[in-house]
Amino acid sequence: MLRLTITTELILAVLMCAVPSRGQAADRELRPIRLPTGGELTDVDFERHVTSLLGRLGCNSAACHGSFQGKGGFRLSLFGQSPEFDYRALLGNGAASRVDPQTPAESLVLIKGTGGDGHGGGVRFQPDSWEHEVFRRWIAGGAKRNAERGAVTRLVLEPAEVPPLKTGASCDLHAWAEFRDGTREDVTSFAEFRSRDDTIAAVDSLGHLQAKAPGDTALIVSYRGNFASAAVWIPHERDLAQTAISAPRKLPRANWIDDEVNGQLERLNLDVSPAADDAEFLRRVTLDVIGRLPTPDEVEKFQKDHTPDKRALKIDALLQHPRRAVAWATRLCEMTACNVDQLGNADGLRARRAKMWHDWFRKRIDEKLPYDQLVHGVLCAVSRQGEAVDDWIDQEIAHEKTARAGFESHYAERPSLDLFWRRMGPQGRLPVEDLAELTASAFLGLRLHCARCHQHPYDRWSQEDFAGYANIFSRVEFGSSTELRVAMTQRLERRREAKQAGQVVPELPRLQEVYLASHPRELVDAQEAASTPARPPGGSPLEASGDPREALFRWLAQPENPYFAPNLVNRVWARYFGAGIVEPVDSFSAANPATHPQLLTKLSAEFVRSGYDLRALERLILNSEAYQRSSRPTGNNALDQHNFAHARVRPLPADVLIDSLNQALEAKDSFGNDAPEGSQALELAVNHFNDPAIQTMFRVLGRSERTSLCECDTPMLSSVRRSLFLMSDPRIVGKIAVGRLARLLDAGRTDAEIMQEFYLAVLSRPPEADEREFCLQQVAAAQSRAQGWADVVWALVNSREFSSNH
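None of the values given here were measured: they were computed from a predicted structure.

Cut-off values and rules
Residues numbered from 1 in each chain as written. Predicted model: local features only at pLDDT ≥ 70, side-chain atom pairs only at ≥ 80, totals over all residues. Heavy atoms only, no water. Salt bridge = Lys/Arg side-chain N within 4 Å of Asp/Glu carboxyl O. Helix = DSSP H or I, 4+ residues; strand = E, 2+ residues; numbered from the N terminus. Buried < 20%, exposed > 50% of the residue type's maximum accessible area, 1.4 Å probe, protein only. Axes fitted to C-alpha atoms, helices over the stretch in contact; angles between N-to-C directions. Parallel < 35°, antiparallel > 145°, perpendicular 65-115°, else oblique. Contact = heavy atoms within 4.5 Å. Nonpolar A, V, L, I, M, F, W, Y, C, P; charged D, E, K, R; others polar. Pairing = 2+ DSSP bridges. Polar contact = N/O pair within 3.5 Å; in protein donor to acceptor, adjacent residues only side chain to side chain.

J.: Can you help me understand the pattern of salt bridges in this one?
T.: Opposite charge on two side chains lets them pair, provided their charged atoms get close. A complete count under the given rule lists 60 salt bridges for this structure. With a shortest N-O distance of 2.7 Å, Arg452 and Asp434 are connected by a salt bridge. Of the two residues, Arg452 sits in the loop between helix 16 (432-444) and helix 17 (463-470) while Asp434 sits in helix 16, which places them 18 residues apart along the sequence. As a salt-bridge pair, Glu507 and Arg495 come within 3.1 Å of each other at their nearest N and O atoms. Here Arg495 lies in helix 18 (residues 482-500) and Glu507 lies in the loop between helix 18 and strand 15 (513-516), a separation of 12 residues in the sequence. Under the relative-accessibility criterion, Glu507 is labelled exposed at 66%. By relative accessible area, Arg495 is classed as buried at 16%.

J.: Please explain the packing of helix 20 (residues 564-577) against helix 21 (residues 597-609) as it appears in this structure.
T.: How two helices pack is summed up by the angle between their axes together with the distance between the axes. Direction vectors running N to C along helix 20 and helix 21 enclose 110°, while the axes themselves pass 9 Å from each other. As judged from the angle between their axes, helix 20 and helix 21 are roughly perpendicular. Mapping the contact onto sequence places Ala565, Pro566, Leu568, Val569, Asn570 and Trp573 in helix 20 and Leu599, Leu600, Leu603, Ser604, Phe607 and Val608 in helix 21. Taken together, the residues of the contact of helix 20 with helix 21 sort by class into 10 nonpolar, two polar and no charged.

J.: Help me understand the pairing of strand 10 (residues 215-223) in this model?
T.: Residues in a regular strand point their side chains to alternate faces of the sheet. The buried fraction of strand 10 is high, at nine of nine residues. With burial as the criterion, each face of strand 10 is covered, one bearing Gly215, Thr217, Leu219, Val221 and Tyr223 and the other bearing Asp216, Ala218, Ile220 and Ser222. Pairing of strand 7 (residues 192-195) with strand 10, which is carried by four bridges, proceeds in the antiparallel orientation. Of the residues in strand 10, the one forming a bridge with Glu192 is Ser222. Summarising the sheet, strand 10 and strand 11 (residues 226-234) pair through nine bridges and their orientation is antiparallel.

J.: Explain the side chain of Arg703 to me, please; I cannot follow it from the model alone.
T.: Residue position: Arg703 is located in the loop between helix 24 (692-701) and helix 25 (720-728). What makes Arg703 buried here is its relative accessible area of 4%. A polar contact of 3.5 Å, which involves the side chain of Arg703, links it to the side chain of Asp655. Among the polar contacts listed, one links the side chain of Arg703 to the backbone oxygen of Leu684, at a separation of 2.8 Å.

J.: Any chance you could explain unusual backbone geometry here in plain terms?
T.: Leave glycine aside and you will find that most residues have negative phi; peptide bonds, for their part, are mostly trans. Of the consecutive residues Glu158 and Pro159, the connecting peptide bond is found in the cis state with omega at 0°. With respect to the secondary-structure elements, Pro159 resides in the loop between strand 3 (152-158) and strand 4 (170-172). The linkage connecting Glu583 with the following residue, Pro584, adopts the cis geometry, with an omega of 0°. Looking at where Pro584 falls in the secondary structure, it is placed in the loop between helix 20 and helix 21.

J.: Just checking my understanding: could you explain the sheet that holds strand 11 for this structure?
T.: Strand pairs in the sheet, formed through backbone hydrogen bonds, run parallel or antiparallel to each other. Read across the sheet, three strands follow the order 7-10-11 without closing on themselves; strand pairing throughout is antiparallel. Of all strands in the sheet, those with a lone pairing partner are strand 7 and strand 11, marking the two edges. Here the strands of the sheet are splayed against their neighbours by 20° on average, with no regard to which way each runs. Lying over the sheet, helix 8 (residues 256-268) contacts strand 10 and strand 11, oriented at roughly 65° with respect to strand 11.

J.: Any chance you could explain the environment of Thr601 here in plain terms?
T.: If you trace the backbone, Thr601 turns up in helix 21. A polar contact is formed between the side chain of Thr601 and the backbone oxygen of Pro597, at a distance of 3.0 Å.

J.: I would appreciate a short explanation of the sheet that holds strand 5 (residues 174-179) in the present structure.
T.: Across the sheet, which stays open at both edges, the three strands sit in the order 3-5-6 with antiparallel pairing between neighbours. Each end of this open sheet is capped by a strand with a single partner; those strands are strand 3 and strand 6 (184-186). Put simply, the sheet's adjacent strands are angled 20° from each other on average, direction ignored. Strand direction decides the pairing type here: strand 3 and strand 5, joined by six bridges, are antiparallel. What sits directly across from Leu157, in strand 5, is Ala175.

In structure tokens:
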């Protein structure tokens, strides 16, 4: 047997092989870390690398999913966007520390991150990975933090414009951060990449982009709360032989809107549907602008008209129609969340206050008030516009008396919509944060909800940004101001004296007003940042004197404001095309870029130049070829959803559907004590109804609940439940046999005449030859002529062609 003689020299040799010398350890610390994108990292920084890597690896995802803290109370910020919080959490106190600079490999953040020590969060990185080495190198360097090094001034994506890619092709993208200290660094390995539509183009965590299918999408990169994006184009392939012999196609153009839309269609090689025929155009534009169907007479007259500019003339006529103001008032009630549940106690006046809200908007749209002035009347509203308190009390007592008598009132004559600020929740006044969210969604197109409690994960807004914006509204009060309280006390005393003298005196109602208090209300969710000065999102602190809302409005009304005009332009576009240039319409953010950014910019500039003229904006959009295209797909454009190669088929809103059904059938609805007798559905201001049957009908057909602080509470309009309801609801089915059908049968109209009128009334077009034959067969086979025609009409009003705009 071989015997080993252990000597001092042998022991020293083994130890020198097993344990690195100080020189070897120093060499390891000086060697650059090879990053997977090909770069090297020599100086590991907590702000620039460690905290962003924590967020990228999802080491802190518990902050937004299920458990908000780990073992022993350990907790990290959402997506690594609060370095100070994360640094304190990692260092902890004594035994609670997750880092050990003396023996870095024994640090809990490394042990648990690699799945050791029974870590419930799973494996986040491997022991031999570059991520592990970044964490280890930072710990070995003393686990230091220099807050100033992480301040990012700009995030840049390279290439800034991704060249058009063929299906199956790929390219690599790099994210570069520019820091406040003047340095610039490739942060691709520490950034997060995502594609808005990974069926078109997919991107991995290191910026490798793969073209999947023809179309377009946006690529978004984020790093430490900063965002950059780039458009990705994957054109449809065309027959090269056919392309070589054919002249370049010339897409139809009516105005400069088409230049912007057509340019994108050309880049994608998307086929373009032809213009809608007269019947399709007339039906679409009438439903869109005034919320009802064209009548049979209007359809026949328009089709017989051979005037070259008859479409432009029809658009002008509809924009002058009284019902347009009704339609806009209803949409503005939705946009500003007119919610009867927040309009005072159950005193029978909620529905009437909602109608006042609707009337206020209706009057201003009808009078062509510029949009900026309309918003000023909402945003800066108070109950007393400089009026003497006693004069206001007299007016308010008269107003209250009129409201209790019926739905008619003079509220629309008031210069401002103070009802917007009169909201009450289950616990009393709505929190200031709710009011801030609501105004941001309605007038800026921003969703700030996430920033109430933490850094917004998909936008640049911090809790300080939210608190600054919320503080603009912190002095807006609804209640009894000192001046009102004194005046009401004096009146109550005079009333008591009059009663003692034997006089009959009327009851004095309890009055409250919207006013600007001298002291701000406290923030609840954003309390940690409550001291932030009042300032708009992305803006500077507002002047401290006066009403901060007035200063906010001046900021909004600046021509170059990035939110105010684009928000309204985008909503108008969405109303007429079924999808916004930014979608959802109240989600403007760096992580949600516009599909046609240049178009949105130019439309916004034109809207401002026109003096915020809504009619001029609508006229421009409605006269474009893009709006007037047929909804019938052609060639390769069937799957297009946002390039406007064809018109989008859109389910009719609940109120428009009900009014169109009643118009087609010559029927009426009564909406109980929630609206004046004879009201049409589009005129209804309330979001909830006292009659359970009416409430069910509107809910199933998709009326907005207006209970959310964003545009996300409108139900999906196209649903099986909606279709089944239209087919079977007794209230709807019972309308078929009366009204128009009964009138035509009683008048002795022929089957051909009845068929022609119902097709024009329901579908806004004459019947095709095969449809004529089918209808006549159904009528002939029925037990009675009346039953046969009732069945045909039932089929027409339950067709998708009727219940959608196309």
